[in-house]
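The residues making up each chain are set out below.
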There are 2 protein chains.
Amino acid sequence: MGDELHIEVTSEAQSNTKLEVKERGHEAVVDEPSQFGGEDEGPNPLEYMFTGLAGCLNVTIHHVALEKEVEVKKLEIDVTGDINLEKFMDGTGERSGFQEITVEIEIETDTGSEKESQIIQEAEERCPVSDNLQHETNVKLNKG
Amino acid sequence: MGDELHIEVTSEAQSNTKLEVKERGHEAVVDEPSQFGGEDEGPNPLEYMFTGLAGCLNVTIHHVALEKEVEVKKLEIDVTGDINLEKFMDGTGERSGFQEITVEIEIETDTGSEKESQIIQEAEERCPVSDNLQHETNVKLNKG
């Protein structure tokens, strides 16, 4: 199972906040609400990141549950965080990203609470987006 | 400028791959292509993460350029990565996320190439999503 999967998105700025993005056959729009100079035509970048985390945990929790022969009957995933925008705004202050991201999971299965917790913990370790947020990842920027 | 911004997305699983997500007034669907058991009703989680990075770099590059009184005339941002799915699939192997994420930037401005490179480098440091990917971030999972 050592297969490598290639992931690619391409995009072009439509304004200082709006970005049109192509992901395989899909298209998405990123924008900011008016308080950050945008027209709110789509979720903002941080909401996209949180959506990726929620989507990855959904897939991975179901995958791990299936391995353990547990049926997931209902799964709700909320992702929240508070971010200090000082470094983004003027270049000073601490790190620009979230210090902490909180995920609230409501799950209903055909097994007990302890096994549900094991599934969630294992899914957190095997979810790629969770791994990329929790550990250092090299982001290489090339200017064409 | 020490304001904190609260970011929140809520979601509910529709299948083992499909997740319906609400982000303020916006809605999104995450899914997987058929090779991973989905129906490809939306971008996959990794594409959402890359979209967040591209959107964040767009906003931050424009923000830093404005500070330096540089006009951005055109900006294209592509994000790519190859991921080994071994740990996701069966729990063995190295880290589950990307070892490296590559961003290709095509930019046209009213200044020279050296200043463009300075803007991009500073934007990388001040972009929250880039920061959360490049550095360790605590992801706290709570089971309700």
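Details of the structure are given in the entry above.
Residues numbered from 1 in each chain as written. Chains lettered and ligands numbered in written order. Predicted model: local features only at pLDDT ≥ 70, side-chain atom pairs only at ≥ 80, totals over all residues. Heavy atoms only, no water.

**Q** Before we move on, can you summarise the pattern of salt bridges with the specific residues and values?
**A** A complete count under the given rule lists 20 salt bridges over all chains for this structure. Across the salt bridge formed by A:Glu116 and B:Lys143, the nearest N and O atoms sit 3.3 Å from each other. Highlighted residues: A:Glu116 in helix α3 (residues 113-126) and B:Lys143 in strand β6 (residues 138-143), drawn from two different chains. Owing to a relative accessible area of 8%, A:Glu116 belongs among the buried residues under this scheme. Using a relative accessible area of 28% as the deciding quantity, one classes B:Lys143 as partly exposed. Between B:Glu67 and B:Arg126 there is a salt bridge, and its shortest N-O distance comes to 2.8 Å. Taken as a pair, B:Glu67 in helix α1 (residues 45-67) and B:Arg126 in helix α3 (residues 113-126) lie far apart in primary sequence, 59 residues in all. Judged by relative accessible area, which is 39%, B:Glu67 ranks as partly exposed. (Salt bridge = Lys/Arg side-chain N within 4 Å of Asp/Glu carboxyl O. Helix = DSSP H or I, 4+ residues; strand = E, 2+ residues; numbered from the N terminus. Buried < 20%, exposed > 50% of the residue type's maximum accessible area, 1.4 Å probe, protein only.)

**Q** If you had to explain the relation of the copies chain B and chain A to someone new, which residues and values would you point to?
**A** Mapping chain B onto chain A calls for a screw motion: a turn of 180° about the axis and a shift of 0.0 Å along it, with 0.0 Å RMSD after fitting. Such a combination of rotation and displacement between the chain copies is what one expects of a two-fold axis. Of the residues that chain B buries at the interface, 99% are likewise interface residues in chain A, meaning the two copies contact each other through the same surface. (Least-squares fit on C-alpha atoms with pLDDT ≥ 70 in both. Contact = heavy atoms within 4.5 Å.)

**Q** Tell me what's going on with the packing of aromatic side chains, and back it up with residues and numbers.
**A** In this structure the tally under the stated criterion is 3 aromatic pairs over all chains. Seen from their ring centres, A:Tyr48 and B:Tyr48 are 5.8 Å apart, and the 25° between their planes marks the pair as stacked. Taken together, the residues A:Tyr48 in helix α1 (residues 45-67) and B:Tyr48 in helix α1 connect one chain to another. Here the aromatic rings of A:Phe50 and A:Phe98 are separated by 4.9 Å at their centres, their planes lie at 35°, and the arrangement is tilted. A residue pair is termed long-range when its members are at least 10 positions apart, and A:Phe50 in helix α1 and A:Phe98 in the loop between α2 (86-90) and β5 (100-109) qualify at 48 residues. With respect to burial, A:Phe50 and A:Phe98 carry one shared label: buried. (Phe/Tyr/Trp six-rings, centres within 6.5 Å; stacked < 30°, edge-to-face > 60°.)

**Q** Kindly report on the side chain of A:Asp131, identifying the contributing residues and their values.
**A** Structurally, A:Asp131 can be placed in helix α4 (residues 128-134). For A:Asp131, a relative accessible area of 4% corresponds to the buried category. Apart from residues no more than four positions distant in its own chain, A:Asp131 is found in contact with B:Arg95, B:Ser96 and B:Gly97.

**Q** Mind laying out the interface of chain B and chain A, listing which residues take part and the relevant values?
**A** Every contact between the two is made by 106 residues of chain B and, on the other side, 105 residues of chain A. Carbon and sulfur atoms make up 56% of the area that chain B and chain A hide from each other, which totals about 9,800 Å². On the chain B side of the interface with chain A, the three residues burying the most area are B:Ile7, B:Phe88 and B:Lys143, jointly 8% of the side's total. Put simply, chain B and chain A have 10 salt bridges between them. Between B:Glu100 and A:Lys140 there is a salt bridge, with the nearest N and O atoms lying 3.5 Å from each other. Viewed at the interface, chain A and chain B are joined by 74 residue pairs in polar contact (both at pLDDT 80 or more). Among the elements that make up the side of chain B that touches chain A, the one with the highest residue count is α1(B) (19 residues). Residues of the side of chain B that touches chain A, tallied by class, amount to 40 nonpolar, 35 polar and 31 charged. (Buried area = accessible area lost by both parts, 1.4 Å probe. Polar contact = N/O pair within 3.5 Å; in protein donor to acceptor, adjacent residues only side chain to side chain. Nonpolar A, V, L, I, M, F, W, Y, C, P; charged D, E, K, R; others polar.)

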